[in-house]
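# Structural features, examined
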Amino acid sequence: MTETLPDLLLIGCGKMGGAMLSGWLERGLSRAVVVEPHAAAAEAFAGRATIVPDAASIPADFRPAAVILAIKPQEAPATLPAFARFAAGGALFVSIMAGRSVASMRAALGDQAAVVRAMPNTPAAVRQGFTVGYAAPGVTKAQAALADALLQAVGEVAWVDQEDLINPVTAVSGGGPAYVFLLAEVMEKAAIEQGLPPALARQMARATVAGSGALLAASTQDAADLRKAVTSPKGTTERALNVLMEPDAWPALMSKAIQAATDRARELAG
């Protein structure tokens with residue numbers, strides 16, 4: 001995509017909102033207004049975007065094609081009503097708030113608000129994110145295409161046609177980077193426990209996780225096949241996997257963890 005992106009209004013400029021804004025600016029964003037009460041959070045974009053502390057400070061002539069909601073879901077009821085005027089003006093709302101349902105957003109923005117729910121993940125900061133989107137009824141083809149273009153600016157995009165599927169997406173890919181970082185963390189700790197110097201343990205754990213991810217991304221093989229290719233019969237890796245794959249170990253715990261995160265996403269629906 002090389003064309004200039006239309007005017008955008010970003011509500012919240014935390015890590016994810018900032019990562020997405022950076023990607024859009026790289027893609028030729030024509031004009032951006034950022035609503036961020038904590039000025040330090042958006043200072044990296046000074047001179048490239050108009051930064052204001054609240055909805056009342058948005059320039060009166062600003063008519064965004066899309067409004068991106070990048071605030072905490074718990075802040076939505078108090079924050080969204082101030083932006084309902086943009087819904088009435090035909091703007092698309094793209095929400096990256098975990099759990100917050102289309103119905104709850106329309107309750108604050110108006111019943112006719114065009115809403116896309118999306119769940120990106122933190123590799124968006126290096127343009128390697130994975131985002132799954134859901135376009136609510138009433139979103140036009142042109143608006144869905146705009147949402148797709150915005151999300152592609154920070155990585156790969158997929159779509160689902162059932163809103164509730166965004167909740168397990170949140171649990172798997174939204175939270176997934178944290179699980180991978182935990183793997184690197186515990187591998188580093190275990191290496192130190194085996195007597196390796198801390199600096200080497202850290203370097204080895206990080207490089208192994210990053211390199212394995214790159215190999216997985218470059219391969220057309222199933223993850224299970226790649227795992228088996230590393231596992232020599234009666235070797236050291238097989239011995240380790242026998243521990244990790246016990247009935248109550250890693251596979252069962254991951255399933256339980258994903259279920260817990262999915263349940264929490266549904267609790268946040270509001």
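Everything quoted here is computed from the prediction, not taken from an experiment.

Before going further, it helps to examine the nonpolar core. Burial of nonpolar side chains together is a common tendency in soluble globular proteins. Core analysis: the biggest nonpolar cluster contains 33 residues, and L21, W24, L29, I68, L92 and L150 have the highest contact counts within it. When residues of this core are traced back to their parent elements, those giving at least two are β1 (8–11), α1 (15–26), β2 (32–35), β4 (66–69), β5 (92–95), β6 (114–119) and α5 (141–152). Of the residues forming this core, the biggest block, 5 residues, is contributed by α1. When neighbours within four sequence positions are excluded, L150 is seen to be in contact with L5, L8, W24, A66 and I68. If you look at the next biggest cluster of nonpolar residues, it comprises 31 residues, including V52, F62, A76 and L80.

Right, let's talk about the packing of helix α6 (residues 166–174) against helix α11 (residues 250–267) for a bit. When two helices pack together, their arrangement is captured by the angle between the axes and the distance separating the axes. For the pair α6 and α11, the least separation of the axes is 8 Å and the interaxial angle reads 130 degrees. Comparing the axis directions of α6 and α11 gives the class oblique. The handedness of the crossing between α6 and α11 comes out as right-handed. Taken together, the residues of α11 that come into contact with α6 (itself represented by N167, P168, T170, A171 and V172) are I258, A261, T262, A265 and R266. Of the residues contributing to the contact of α6 with α11, the split by class is 6 nonpolar, 3 polar and 1 charged.

A separate point is the environment of A19. By secondary structure assignment, the location of A19 is in helix α1. Counting along the chain gives 108 residues from A19 to R127, while the straight-line C-alpha distance between them is 8.4 Å. Discounting chain neighbours no more than four positions away, the residues touching A19 are A124, A125, R127 and V154.

Our focus in this paragraph is the pattern of salt bridges. Taken as a whole, this structure holds 5 salt bridges when the rule is applied. The closest approach of N and O atoms between E26 and R127, which form a salt bridge, is 3.0 Å. Highlighted residues: E26 in helix α1 and R127 in the loop between β6 and β7 (129–135), separated in sequence by 101 residues. The class of R127 is partly exposed, set by a relative accessible area of 22%.

Here α6 crosses helix α7 (residues 176–193) at 30 degrees, and the two axes come no closer than 5 Å. Classified by the angle their axes make, α6 and α7 are roughly parallel. On α7, the residues that touch A171, V172, S173 and G174 of α6 are G176, P177 and Y179. Looking at the contact of α6 with α7 residue by residue, the classes come out as 4 nonpolar, 3 polar and no charged.

A large share of β6 lies buried, amounting to 6 of its 6 residues. With burial as the criterion, each face of β6 is covered, one bearing A114, V116 and A118 and the other bearing V115, R117 and M119. Taken together, the 4 bridges between β5 and β6 define a ladder with parallel strand orientation. Residue pairing for β6: V94 is matched across the bridge by V116. Running through helix α4 (residues 102–109), the crossover from β5 to the neighbouring parallel element β6 is right-handed. Note: β6 against β7, 4 bridges, orientation antiparallel. The residue of β7 that forms the bridge with M119 is V132.

Attention now moves to a nonpolar patch on the surface. Together, L244, M245, W250 and M254 give the surface a local cluster of nonpolar side chains, amounting to about 350 Å² of exposed area. Inspection of the secondary structure puts L244 in helix α10 (residues 236–244). The exposure class assigned to L244 is partly exposed, which follows from its relative accessible area of 33%.

Let us now look at the sheet that holds β4. Pairing within the open sheet is mixed, and its 8 strands lie in the order β3-β2-β1-β4-β5-β6-β7-β8. Single-partner strands in this sheet number two, and they are β3 (50–52) and β8 (155–159). Between one strand axis and the next, the sheet turns through 20 degrees on average, direction left out of account. Looking at chain direction, β2 and β3 are connected through 3 bridges and run parallel. In the sheet register, V33 faces β3, and the bridge partner there is T50. Contacts from α1 reach β1, β2 and β4, with the element oriented near 160 degrees to β1. On top of the sheet, α4 reaches β4, β5, β6 and β7; it is set at about 135 degrees to β6, its chief contact.

Parameters and conventions
Residues numbered from 1 in each chain as written. Predicted model: local features only at pLDDT ≥ 70, side-chain atom pairs only at ≥ 80, totals over all residues. Heavy atoms only, no water. Core = buried A, V, L, I, M, F, W, Y, C linked by side-chain atoms within 4.5 Å. Buried < 20%, exposed > 50% of the residue type's maximum accessible area, 1.4 Å probe, protein only. Helix = DSSP H or I, 4+ residues; strand = E, 2+ residues; numbered from the N terminus. Contact = heavy atoms within 4.5 Å. Axes fitted to C-alpha atoms, helices over the stretch in contact; angles between N-to-C directions. Parallel < 35°, antiparallel > 145°, perpendicular 65-115°, else oblique. Left-handed = near helix turned anticlockwise from the far one by under 90°. Nonpolar A, V, L, I, M, F, W, Y, C, P; charged D, E, K, R; others polar. Salt bridge = Lys/Arg side-chain N within 4 Å of Asp/Glu carboxyl O. Pairing = 2+ DSSP bridges. Right-handed = clockwise from strand over helix to strand, strands pointing away. Patch = residues over 30% accessible without salt bridge, like charges linked within 9 Å, V, L, I, M, F, W, Y side chains within 5 Å. Areas by Shrake-Rupley, 256 points an atom, 1.4 Å probe, with all protein chains shown as cover.

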